[in-house]
Amino acid sequence: MIAYVVRRLGALVMILFGSSFFVYNISAISTDPLEELRTSTAPNKEQLILNLTRELRLDLPAPIRYFIWLRGVLGVFVGRADFGQTRENQPVITEIVGALPITVRLVFVATIVAIILGIGLGITSALRQYSRFDYSMTFFAFLLYSLPIFWVAVLLKQFLAIDFNDFLISAQISLPSIIFASTIAGFFWAAIFSGTRKRVLLIFSGVFVVNSVFLSIISATKWFLNPTMGPIVILLAAIGIAFGITYLSVGLENKSAVKSGLFCAVVGSIMYFPAQILLDSNRPRVGLLLMFILLIGVALLGSVIFNRIDRGPIIRTNVISVVIIGLLIVIDKLMQSWRPYIESDDINFRPISTFGQSTAWLFEVPFWVRSLDIVLHMILPTIALTLISFAGYIRFSRGTLLEVLNQDYIRTARAKGLTERTVIMRHAFRNTMIPITTIMVTDIVSIVGGAIITEQVFGWYGMGTLFNKAIVSFDLNLLMGVILFLSTLAILANLIADLLYSVLDPRIRVGAGK
Amino acid sequence: MARKSNIGLNTGEELLDGNENAIFNKETEGLSQGQIILKRFVRHRAAMVALVFFTTLVAIVYTALDWRIGDPRNPRFTIPGWWNYGFEDTPELLTEGCPEGILGCPTIDFVPFVDGDGVQLGQHPFGQDNIGRDYFALVMRGAQRSILVMFIIGLIATTIGTIVGALAGFFRGWTDAVLMRLVDFIITIPVIIIGSVIGFHFGNKGAAFLALLLGLFSWTGLSRLVRGEFLSLREREFVDAARVAGATNRRIIFKHILPNAIGVIIVSVTLLMSGAILLETALSFLGFGVTSPDVSLGLLISNYQDAFTTRPWLFWYPGLFIIAIALCVNFIGDGLRDAFDPRQRRRLSKKDKENAREMQSRSEMA
């Protein structure tokens with residue numbers, strides 16, 4: 001295994017060498033940074049050309065310049081890498097270090113959302129194979145496959161951001177919109193649960209009524225102008241989450257699991273009050289960490305008190321529940337900053353931003369207001385990126401689960417008399433996840449590609465913008481820096497995918513059979 | 001639950017389970033492999049609709065504008081298109097029927113979807129751009145470019161990908177090692193990045209040339225798939241049989257293995273092509289693809305993305321064309337995959353089940 005990793009890392013260096021040599025030379029040969037000067041009418045034209053030639057060492061042939069660049073980069077191994085300077089005399093490395101976190105932030109959140117939603121929908125679609133839900137998911141996935149991201153981004157700007165901001169003026173939802181939204185929700189859930197006609201109608205009307213009432217309350221109280229959840233709503237949500245996750249993981253027949261789940265939900269919601277103190281402290285980041293540690297402590301305690309046997313799965317279940325509760329508390333905290341945020345002069349009741357990665361604040365603002373600002377700026381680009389990448393997860397997880405369900409061990413599991421839930425969640429789902437992990441990792445590379453366009457549309461200053469700038473301004477050092485980073489990421493992602501595969505599926509031996 | 005029907009909730013279904021094979025076997029009796037595949041494809045409703053729609057779309061798009069053979073300024077001869085305007089013509093901006101202060105709005109009427117008094121195309125169905133060019137003609141031209149780019153990328157990537165994959169998979173050893181390192185080498189750089197570098201430097205040399213270069217970098221995924229397929233197929237008995245019979249390597253590759261791998265190739269090529277059209281439009285959007293004065297759907301969107309609030313049609317139509325083309329190709333690909341997959345079975349209709357039950361009872365009586 002170690003030998004294999006070392007061999008692959010060796011290959012990585014070789015590949016990076018080859019591809020960077022190739023890209024460097026093709027860009028160097030095909031561009032002429034002097035072109036602009038040659039056609040200029042400046043009196044000291046000759047001098048300018050001479051200066052630029054000396055600065056960029058254009059007197060040397062491209063391959064030689066590549067090796068000069070490479071010598072600097074190879075400094076990595078002796079601890080002082082030199083990626084060269086940009087055309088504006090900034091070290092390339094500082095530019096990249098500044099831009100990387102912004103791209104990572106975007107890609108990370110979008111990937112997580114895409115994975116969770118995509119796998120969820122894909123698996124539901126597979127379990128309802130050949131139903132209307134399945135067909136509509138297939139169509140939906142193909143539609144997403146065919147959407148150009150830049151087009152979606154502009155639509156999102158208009159229909160999500162601008163329209164939502166306009167809506168915020170009154171914050172009241174019109175009756176037709178309530179009915180429309182509730183009908184859609186009703187159809188969605190009825191399609192998922194399906195069954196006899198009576199059952200479908202029942203679910204549809206149930207969801208429709210609940211949804212309409214919910215939306216009417218939101219509209220009547222102008223909730224969006226002053227959104228809060230508070231401990232009561234969090235408690236109710238927590239109980240729901242605890243039931244839901246317990247149902248999916250160990251089943252509601254397991255009484256002690258249900259009890260410990262409820263314990264975690266109740267105690268977790270009570271943690272809301274100490275959490276406020278932690279989050280309002282001078283060091284909110286430490287507070288946040290402490291809060292999650294406390295919550296996980298609650299989960300462990302709950303599992304240990306109520307269960308004697310088979311604690312592993314129950315601990316896992318409870319940890320997932322409390323983490324979600326923790327996220328709810330954080331969202332509530334952000335909501336508390338909503339009012340001061342939208343009332344500030346910079347925002348002026350138009351909170352969903354269509355441009356930039358954060359508001360440039362003129363004065364110091366509290367941590368949570370700043371966080372809210374970043375979150376609101378992330379909404380649109382994240383949705384755009386998620387939309388284009390989660391179609392792949394829908395199709396792939398659907399296909400894989402259907403394949404797995406045809407295996408003999410699933411038949412065995414059913415023959416043993418296991419419940420359908422156990423068969424699907426324990427036997428089928430886990431094996432479905434093996435191939436999915438590999439596309440998860442490689443998908444990150446293509447999401448980075450999508451991020452380049454997304455950053456451009458939404459005016460983020462990340463790797464994509466840097467890349468664009470490098471190309472347009474003939475900035476070879478910057479271009480090579482960006483490409484080197486992205487391709488290292490791509491190769492590492494591939495390596496990690498291969499390793500993960502062998503860890504998850506012991507039948508596969510990496511590096512064997514050479 | 002999809003599987004429940006097979007566990008046996010009612011006996012009718014259970015009896016049917018054994019007979020499914022019989023039904024399918026009867027259907028394919030006496031047909032060649034190609035005929036079976038064609039039959040399966042024709043039965044895939046979405047794919048057929050997509051195929052018909054796509055063919056019509058291509059026909060409309062490519063006949064709309066004049067074809068000028070030779071120098072575009074001073075053509076040797078011209079094949080006239082059915083549409084009144086060329087994409088370079090600049091007729092007068094019309095204000096007729098437009099909202100206050102807006103020029104060149106679309107004249108298309110299509111009850112009840114667009115506007116609302118009758119069905120007509122009007123003088124400028126998709127409106128006009130800033131300088132009065134007919135937007136329908138522009139969109140047609142853009143779609144022509146995009147479809148051309150898609151096919152060129154598809155063609156080149158298929159050729160290179162198949163050959164590289166076939167050689168690597170068939171010969172293994174050092175051929176495989178060298179070729180696959182070459183693949184690694186290209187795959188490390190996100191394709192949009194290679195595309196941008198190429199497009200920025202060579203975009204002005206025309207869409208076809210750009211597509212040619214992009215095709216040179218888009219075959220890697222396909223070659224990996226083909227290699228995998230070849231690695232497994234070359235161990236099969238029919239290959240041994242061919243070799244014993246004295247077939248050359250070339251004959252084995254092209255006559256024996258390749259036809260067996262064609263399903264995988266075709267399916268992945270359709271995906272590649274729908275990816276290619278998105279790549280081209282994305283590059284043009286970023287300004288690294290087709291450049292003005294030529295037109296591409298991505299370029300149109302890029303030019304008019306800020307006009308969305310005042311003149312949304314300038315934004316809608318090119319986008320809808322991209323989606324329509326990509327969606328059609330995806331659905332055709334889906335149909336092909338189902339058709340080529342021998343394990344794929346359509347859902348039995350009620351009629352099939354009745355027939356089966358009849359068969360069952362008849363055999364029981366006998």
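Preceding block: the structure.
The structure contained in this document is the topic of the report that follows.

Definitions and limits used
Residues numbered from 1 in each chain as written. Chains lettered and ligands numbered in written order. Predicted model: local features only at pLDDT ≥ 70, side-chain atom pairs only at ≥ 80, totals over all residues. Heavy atoms only, no water. Helix = DSSP H or I, 4+ residues; strand = E, 2+ residues; numbered from the N terminus. Buried < 20%, exposed > 50% of the residue type's maximum accessible area, 1.4 Å probe, protein only. Contact = heavy atoms within 4.5 Å. Areas by Shrake-Rupley, 256 points an atom, 1.4 Å probe, with all protein chains shown as cover. Phe/Tyr/Trp six-rings, centres within 6.5 Å; stacked < 30°, edge-to-face > 60°. Lys NZ or Arg CZ within 6 Å of the ring centre and 35° of its normal. Buried area = accessible area lost by both parts, 1.4 Å probe. Salt bridge = Lys/Arg side-chain N within 4 Å of Asp/Glu carboxyl O. Polar contact = N/O pair within 3.5 Å; in protein donor to acceptor, adjacent residues only side chain to side chain. Nonpolar A, V, L, I, M, F, W, Y, C, P; charged D, E, K, R; others polar. Axes fitted to C-alpha atoms, helices over the stretch in contact; angles between N-to-C directions. Parallel < 35°, antiparallel > 145°, perpendicular 65-115°, else oblique. Left-handed = near helix turned anticlockwise from the far one by under 90°. Patch = residues over 30% accessible without salt bridge, like charges linked within 9 Å, V, L, I, M, F, W, Y side chains within 5 Å. Expected span 1.5 Å × (residues − 1). Core = buried A, V, L, I, M, F, W, Y, C linked by side-chain atoms within 4.5 Å.

## Description of the overall build of chain B
- Looking only at helices and strands, chain B has 14 helices and four strands in total.
- The 366 residues of chain B split such that 47% are buried.
- Put simply, of all contacts in chain B between residues at least 6 apart along the chain, 66% involve residues at least 24 apart.
- For chain B, the accessible surface area stands at approximately 18600 Å², while carbon and sulfur atoms represent 59% of it.

## Digging into the packing of aromatic side chains
- Counting across every chain of the model gives 40 aromatic pairs over all chains.
- Centre to centre, the rings of A:Phe133 and A:Phe188 are 6.0 Å apart; their planes meet at 70°, and the pair counts as edge-to-face. Taken together, the residues A:Phe133 in helix H6 (residues 132-145) and A:Phe188 in helix H8 (residues 175-193) connect sequence positions 55 residues apart.
- The class of A:Phe188 is partly exposed, set by a relative accessible area of 31%.
- Among the aromatic side chains, those forming a connected cluster through ring pairs are A:Phe17, A:Phe21, A:Tyr24, A:Tyr66, A:Phe67 and A:Trp69.
- Across the ring face of B:Phe170, the terminal group of B:Arg234 is positioned such that the distance to the ring centre comes to 5.5 Å.

## Here we look at the interface of chain A and chain B
- Between chain A and chain B, the contact holds 50 residues from the first and 45 residues from the second.
- Buried surface at the junction of chain A and chain B, both sides included, amounts to about 4400 Å², of which 77% is carbon and sulfur.
- Where chain A touches chain B, the interface holds one salt bridge.
- Linking chain A with chain B are three residue pairs in polar contact (both at pLDDT 80 or more), by the criterion used here.
- In the side of chain A that touches chain B, the residues fall into 31 nonpolar, 14 polar and five charged.

## Notes on unusual backbone geometry
- One non-glycine residue with positive phi stands out, namely A:Tyr130, at about 65°.
- Even without being glycine, B:Arg172 reaches a positive phi, approximately 50°.
- Relative to the assigned elements, B:Arg172 resides in the loop between helix H5 (135-171) and helix H6 (173-187).
- Look at B:Arg172 and you get partly exposed, because its relative accessible area is 38%.

## Thoughts on the pattern of salt bridges
- Under the counting rule described, the total for this entry stands at 14 salt bridges over all chains.
- The partner of B:Arg172 in a salt bridge is B:Glu235, and the shortest N-O contact between them spans 3.3 Å. Remark: B:Glu235 occurs in the loop between helix H9 (220-233) and helix H10 (237-244) and B:Arg172 occurs in the loop between H5 and H6; sequence separation between them is 63 residues.
- Here B:Arg234 and B:Glu235 are joined by a salt bridge, their closest N and O atoms 3.2 Å apart.
- When salt bridges that share partners are traced, they join A:Arg395, B:Asp334 and B:Arg337 into one network.

## Description of the packing of helix H10 (residues 230-249) of chain A against helix H14 (residues 311-336) of chain A
Residue and element names in this part refer to chain A.
- Two numbers describe how H10 lies on H14: the axes approach to 9 Å, and their chain directions differ by 155°. Classified by the angle between their axes, H10 and H14 sit roughly antiparallel to one another. Of the two possible hands of crossing, H10 and H14 adopt the one that is right-handed. Contacts between H10 and H14 involve Gly230, Ile234, Ala237, Ala238, Ile241, Ala242, Ile245, Thr246 and Ser249 from the former and Thr317, Ile320, Ser321, Ile324, Ile325, Leu328, Ile329 and Asp332 from the latter.

## Observations regarding a nonpolar patch on the surface
- On the surface, A:Val104, A:Phe108, A:Ile112, A:Val113, A:Ile116 and A:Leu117 cluster together into a nonpolar patch covering about 540 Å² of accessible area.
- Here A:Ile116 lies in helix H5 (residues 92-127).

## Looking at the side chain of A:Thr386
All names here are of chain A.
- For Thr386, the position within the fold is in helix H16 (residues 367-405).
- Looking at Thr386, its side chain comes within polar contact range of the main-chain oxygen of Thr382, at 2.5 Å.
- Among residues more than four places away in sequence, those in contact with Thr386 are Ala110, Val113 and Ala114.

## Observations regarding helix H7 (residues 149-170) of chain A
- Relative to the 32 Å expected for 22 residues at 1.5 Å per residue, H7(A) spans 31 Å between its end C-alpha atoms, a close match to the ideal helical length.
- Following H7(A) by one or two positions, A:Ala171 adopts a phi angle in the positive range, close to 60°.

## A short note on the nonpolar core
- Among the nonpolar cores identified, the biggest contains 222 residues, and A:Phe150, A:Ile453, A:Phe467, B:Ile192, B:Phe230 and B:Phe321 are the most heavily contacted of them.
- Excluding residues within four positions of it along the chain, B:Phe230 makes contact with B:Ala166, B:Gly169, B:Phe170, B:Ile253, B:Ile257, B:Leu258 and B:Ala261.
- One finds A:Val441, A:Ala490, A:Ala493 and A:Ala497 within the second-largest nonpolar core, a separate group that totals five residues.

Treat this as a map of the structure, not an account of what it does.
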